[in-house]
Protein chains: 2
Amino acid sequence: MSVTAAKGFTAAGIVAGIKENGNPDLALVVNEGPRRAAAGVFTSNRVKAAPVQWSEQVLKSGQVSAVVLNSGGANACTGPKGFQDTHATAEKVAEALGRGAIEVAVCSTGLIGVLLPMDKLLPGVETAAAQLSEHGGEKAAIAIKTTDTVHKTSVVTKDGWTVGGMAKGAGMLAPGLATMLVVLTTDADLDSETLDRALRSATKVTFDRVDSDGCMSTNDTVLLLASGSSGITPGYEEFAAAVETVCADLGRQLIGDAEGASKDIKVEVINAASEADAVEVGRSIARNNLLKCAIHGEDPNWGRVLSAIGTTSAAFEPDQLNVAINGVWVCKNGSVGEDREKVDMRYREVHIVADLAAGAETATIWTNDLTADYVHENSAYSS
Amino acid sequence: MSVTAAKGFTAAGIVAGIKENGNPDLALVVNEGPRRAAAGVFTSNRVKAAPVQWSEQVLKSGQVSAVVLNSGGANACTGPKGFQDTHATAEKVAEALGRGAIEVAVCSTGLIGVLLPMDKLLPGVETAAAQLSEHGGEKAAIAIKTTDTVHKTSVVTKDGWTVGGMAKGAGMLAPGLATMLVVLTTDADLDSETLDRALRSATKVTFDRVDSDGCMSTNDTVLLLASGSSGITPGYEEFAAAVETVCADLGRQLIGDAEGASKDIKVEVINAASEADAVEVGRSIARNNLLKCAIHGEDPNWGRVLSAIGTTSAAFEPDQLNVAINGVWVCKNGSVGEDREKVDMRYREVHIVADLAAGAETATIWTNDLTADYVHENSAYSS
């Protein structure tokens, strides 16, 4: 159901010919109203793709009528021409829908440093506009895939209102986020300030804590659009919880489909002095290549966890650290704990708990193992 | 030649039986005087191995008579018993040489979280002491190898005095540093303060700028011992330059033998506003897994260089960045530059220049590509 699960939205996904392999590569999501409130969060990478620069401007008004997304090219590091192309894409959507271009957000994903084939993209916009449908959410989710092996959607329905969404992303996944593109929609009747608050609150503990390979993309974008067509205004807490649930579900799907991964690793940091400490430690563990290789080899190598913790500035005493892997406390008080032979690592999901023994705060970061397939996929991607 | 190239040093490398495969695993380096001045730098990882904790204390006096090094076990995260074992090792060396234990530095390398087999290590110390020789430097260099495929030594000889050394390290190589162990010796007649100044100055621009996999070890140690037996006191600048040359040579050898690597990558950041900016950007590029995969695939993927630069806090404007790969400016002004087809990446050494166009400072970081062999070696290491 994806972005059309909520009432008041139409979508389409088509083959524009941007991808050489002939797969779907252009998606359009339209907010049919009555409300067109929106919020967005974008990559914190200082090298921002043209569509990010454009969409950041669009979101300033808190109004978005449509989102056009293409795979097959990131339109990043493409200079003034790249920005002109993004602008022309928004204009084309506006023309097809009879709206203003400044209400059209643009997202792109694919190889950096290559101009988009506008001779294919612009006619594609017309085709997509002609195919808009209340049942188009699935096709839109398929059209934004790059190296994704599956398309990702999620829906939460409450009393008369719904939050749904789609996501793409499989590599270059890190906080601030993966040539990760996410479009969420809701038919709840809410203003853009409320959407913004709920979206930032949700992404902070979901997409920002997904870190597949430590690499931050130039294109990451998460948008939340509200049509108001349910006529219902849910309470903030209830709405924010629904948004967080959808974001967490999509984030988990991104990790589950990360390039070349064979393990999904949940890094849970507990008893930290602050949430910031917990996040710093979790991220350091999640980015440790040696640990990620060990997990790939089903080796509960807790020494590499301690090595990673030791590089942080978090509050802890080395001789009070405890580490559990899949429920076995293999490290106690910074030294050898329970027998590592007890650790069962046969399954795809691996759970690492790092106990800092320094407070009461916690954070969870999701990551993947590091595999020969990841190397292969990313050494051959642009060729 | 290694650590016995300089006069006034003896060394040995033997099989103590710590390694199950029967390879040499214990080295002893002795300063025969007349001077026994020394300086050391240690891992900045807050989780420090027992031998690092011990040797930091030893170095406080600026006097070191001997260094005992074992491979086959890092003695890290081993609790109070691990520290007692390090102490007992130093006592054993002191007894064999007729010195005080507080003049004996200890280095260990190998798996974290495992106690050393003291029943093998202590008799090994006696064997090594009995085999000390002015020609033992090569054997010592061999005995400290873990996953190293070659042993690493370097010597610079000036007018009547010499700086020589040995190093081990092949993975977990990052600033502050790789279960990297380095022992440098000189027969120059210098006090420990001068040695310390020259060593810190050299490591800052050599070992601290070697970053194979971003993983900082719990055991890294670099020691510089002076025997004074040449009777010559060189000028500081000349001496510091010799130490830096030996450190740079050994650092380059570490990168050249990094686990599973097929490319040695020189990341040169130029026109930075500050040296700190240049180092931050260089390290961010050197740690980008996606770029490291691309280089492995001989793909001059400059977009991933820009992505990495964009995550830093260095001074730059995205539309003024330039990137050259092996002499071809593939990115100009943050966008497409010269034809990437011109880049020849067939050779092991790859040279990336990142021009921040923000000042006049520069820094060079050495790293490696990311390969399936790295994954294989590090997913099977502890088994």
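Our structure is the block above this text.
From a predicted model like this one, the values you see are computed outputs, not experimental measurements. (Residues numbered from 1 in each chain as written. Chains lettered and ligands numbered in written order. Predicted model: local features only at pLDDT ≥ 70, side-chain atom pairs only at ≥ 80, totals over all residues. Heavy atoms only, no water.)

A word on the relation of the copies chain B and chain A
In screw terms, the move from chain B to chain A is a rotation of 180° and a rise of 0.0 Å along the axis, fitting with an RMSD of 0.0 Å. Classification of the inter-copy transformation places it as that of a two-fold axis. Of every C-alpha in chain B, the one belonging to Ala372 of chain B sits nearest the axis of rotation, 2.1 Å from it. (Least-squares fit on C-alpha atoms with pLDDT ≥ 70 in both.)

Examining the sheet that holds strand β15 (residues 361–368) of chain A
Residues and elements named next belong to chain A. Pairing is mixed across the open sheet formed by six strands, whose spatial order is β13-β12-β11-β14-β10-β15. Edge positions in the sheet fall to β13 (335–336) and β15, since each has one partner strand and no second. In the sheet, strand β11 (residues 322–325) pairs with strand β12 (residues 328–332) via two bridges, with the strands oriented antiparallel. Each bridged residue has a counterpart across the sheet, and for Val323 the counterpart in β12 is Cys331. Where helix α6 (residues 236–256) meets the sheet, it contacts β10 (264–272), β14 (349–355) and β15, and its direction lies at approximately 40° from that of β15. In the packing of helix α8 (residues 289–296) onto the sheet, contacts are made with β10, β14 and β15, and the angle to β14 comes to roughly 135°. (Pairing = 2+ DSSP bridges. Helix = DSSP H or I, 4+ residues; strand = E, 2+ residues; numbered from the N terminus. Contact = heavy atoms within 4.5 Å. Axes fitted to C-alpha atoms, helices over the stretch in contact; angles between N-to-C directions.)

Focus on the state of the cysteines
Scanning all chains against the criterion turns up zero disulfides over all chains. In this structure Cys107 of chain B is a free cysteine whose sulfur lies 14 Å from that of Cys247 of chain B, the closest cysteine sulfur available. (Disulfide = S-S within 2.5 Å.)

Description of the pattern of salt bridges
This structure, assessed with the given rule, holds 28 salt bridges over all chains. Close ionic contact of Lys152 of chain B with Asp257 of chain B constitutes a salt bridge, the shortest N to O distance being 2.7 Å. Of this pair, Lys152 of chain B sits in strand β6 (residues 152–157) while Asp257 of chain B sits in the loop between α6 (236–256) and β10 (264–272), and the two are 105 residues apart along the sequence. In this pair, the class of Lys152 of chain B matches that of Asp257 of chain B, namely buried. Through salt bridges with shared partners, a single network forms among Arg252, Asp264, Arg348 and Glu349 of chain A. (Salt bridge = Lys/Arg side-chain N within 4 Å of Asp/Glu carboxyl O. Buried < 20%, exposed > 50% of the residue type's maximum accessible area, 1.4 Å probe, protein only.)

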